Amino acid sequence: MAQTFETVGVVGLGTMGAGIAEVFARAGLQVIGVEADDAALDRGRGHLDRSTGRAVTKGKLTEDDRSVILGRITLTTSREDLADADLVIEAIPEIMEFKRGLFADLDRICKPSAVLATNTSSLSVTAIAASTSRPGRVIGMHFFNPAPVMKLVEVVHTVVTDDGLAGDIAALARRLGKTPITAGDRAGFVVNRLLLGYLNHACALLESGLAGRDDIDAAMKLGVGLPMGPFTLLDLIGLDTSYEVCEVLFRETRDRRHAPAPVLRELVTAGLLGRKTGRGFYSDAEGAPAAEGDRRAASVSTVGIVGAGPEAAALVAALDGAGFKAVVAENSDLAPVGDADVIVALSDRPIVELAVRIPHPDRLAGLHLVGDDVAEVASTVLTSEETAGAVRDLMRILGRTPVMCGDRAEFVVNALLYAYLNDAVRMLESGYASAGDIDTGMRLGCGYPAGPLEMLDAIGLETVRDGLRALYAEYREPSFAPVPLLDQLVTAGVPSIREYAG
């Protein structure tokens, strides 16, 4: 029989905890909010007053509604007041020692039928549950910030969670107006496990010199349609928080891609934590980058194109419309482009082998057109600065945002995107989250336009598999090797991973 929850305790009334208390109260539940002392309690009351006040100002609540909601919340400094709660959820700092101590105390105070929940974003729910005499009644209920606004809740069960409890908590989340996803107890659960792997990878590419901060951010925001680039997002999350989550992921997986990038450690050690300190990868004092003119493109009259098919034809038409003469080499005969002012090879793979086959290798750059807005411009070790600048300016003239990068497998967009998609397939293969929950988690938790498995189906399983093989050949990073499930689906001719997963 499903358990009902009418009285809920919330321990910790910082921004997140106060938001969780508000969410429960909005849904008609009685809430007991607990803080360590009177000063902290006053801060928590302030969070509640401001949040509900903003809702009134925006017309989302009436003053009467606000009074009713706040009237359902009782604030106290005594944990003993939680004795009759049906559910207690903690939202205290992400320090395992603190959480285990709290849960041991809650185990003593709360009635045997009460469920104890943790709002941890990455710590082991199993380890927290082990500090109690009721590990089967301990579960993860991870809200996203700000809790009154964000729709996603991750429900995290352990190997000893009572049968049916995860379903009861998911039903409670729906009662709150949230969308629950269910996952096993793995570091980072669904969203942070996928997100931080991607963000840390972006840091590694920055440190490698593949591309600059602004170029990587532009590539992922404009090329993939993400709400913001990885470095803007890291600054928003907080570099210290991101570093700690990466540490948790690495301790569990021992995967080098989860080991915090040195640049994260350096910035955190220096106290440059992102928006909360006014400086991280970006600084509040930075202005918008100065616009660059098209000076180098002005000296270009003839553009050589190495490539074939609709993409090459469209590029020829665009260049012709902008007043440039385009010549095309569609096969192994590169003679037609040999004397062009600049030469672009349409590719998402390294082009240096092509460069050594033409009379003027300094005039060649790789060009990967991403969607309708982005053009990755790849320079080999032979590409001249003048050529790179001219191709960059040509792309601006054609209405695209150029992303300057080195001549490495999959350049920027696909290198970051395909590794992220591979992580999602690995998550599915492990069986601790469903395809639907993985996609829902990233869409609602991160605001992505599509979930990773939806993206994978849209791009094509074979295309991503082959791109991962190229990444592995380039970097020799084991996590870039295609997950066996992906390889098997391609070999078997299965066109959709979501259909396969049901």
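Before any of the text, the structure's been laid out above.
Position numbers for residues start from 1 in each chain and track the written sequence from start to end. Under the rules for a predicted model, residues below a pLDDT of 70 receive no local features and side-chain atom pairs below 80 are neither given nor counted, while totals for whole chains, interfaces and linings still include all residues. Processing note: side-chain calculations cover all non-hydrogen atoms of the structure and skip hydrogens and water entirely.

A.B. asks: Explain the overall build of the chain here, please?
C.D. replies: Check the secondary structure of the chain and you find 20 helices and 14 strands. Projected onto its principal axes, the C-alpha coordinates of the chain cover approximately 85 × 50 × 40 Å. A 1.4 Å probe rolled over the protein chains alone gives each residue an accessible area, and that area as a share of the maximum for its type sets the label: buried under 20%, exposed over 50%, partly exposed in between. Burial statistics for the chain: of 502 residues in total, 54% are counted as buried. Counting contacts in the chain only where the partners sit at least 6 residues apart, residues at least 24 apart contribute 69% of the total. All accessible-area figures derive from a Shrake-Rupley calculation using a 1.4 Å probe, and residue coverage is judged against the displayed protein chains alone. As displayed, the chain offers around 21000 Å² of accessible surface, 51% of which is attributable to carbon and sulfur atoms. Each charge class in the chain was averaged separately, 48 positive and 68 negative side chains, and the resulting centres sit 3 Å apart. Secondary structure counts use DSSP, requiring at least four H or I residues in a row for a helix and at least two E residues in a row for a strand, with both numbered from the N terminus. When checking whether two residues touch, look at their non-hydrogen atoms; a contact exists if any pair is within 4.5 Å. Under this rule, positive means Lys or Arg and negative means Asp or Glu; His and the chain ends count for nothing. Note on charges: their place is set at NZ of Lys, CZ of Arg, CG of Asp or CD of Glu.

A.B. asks: Could you clarify how one ought to interpret the nonpolar core in this entry?
C.D. replies: Nonpolar side chains tend to gather and get buried jointly when the protein is soluble and globular. Here, nonpolar core refers to any group of buried Ala, Val, Leu, Ile, Met, Phe, Trp, Tyr and Cys residues whose side-chain atoms link them within 4.5 Å. The biggest cluster of nonpolar side chains holds 81 residues, and the ones touching the most others in it are Leu195, Tyr198, Phe281, Val412, Tyr420, Leu453 and Leu456. Tallying contributions element by element places helix H15 (residues 413-430) first for this core, with twelve residues. For Leu453, the contacting residues outside a window of four places in its chain are Ala424, Val425, Leu428, Ala435, Ile438, Asp439, Ile497 and Arg498. Formed by 38 residues, the second largest nonpolar core is a distinct cluster that contains Val8, Ala55, Ile169 and Ala173.

A.B. asks: Can you walk me through the environment of Glu22 in this structure?
C.D. replies: Along the polypeptide, Glu22 turns up in helix H1 (residues 15-26). Along the primary structure Glu22 and Val303 are separated by 281 residues, whereas in three dimensions their C-alpha atoms are 61 Å apart. Beyond its immediate sequence surroundings of up to four residues, Glu22 is in contact with Leu48, Ser51, Thr52, Ile69, Ile73 and Pro148. We call two N or O atoms a polar contact when they sit within 3.5 Å, provided that within protein one can donate a hydrogen and the other can accept it, with sequence-adjacent residues counted only if both atoms are side-chain atoms. Of the polar contacts made by the side chain of Glu22, one reaches the side chain of Ser51; its length is 2.6 Å.

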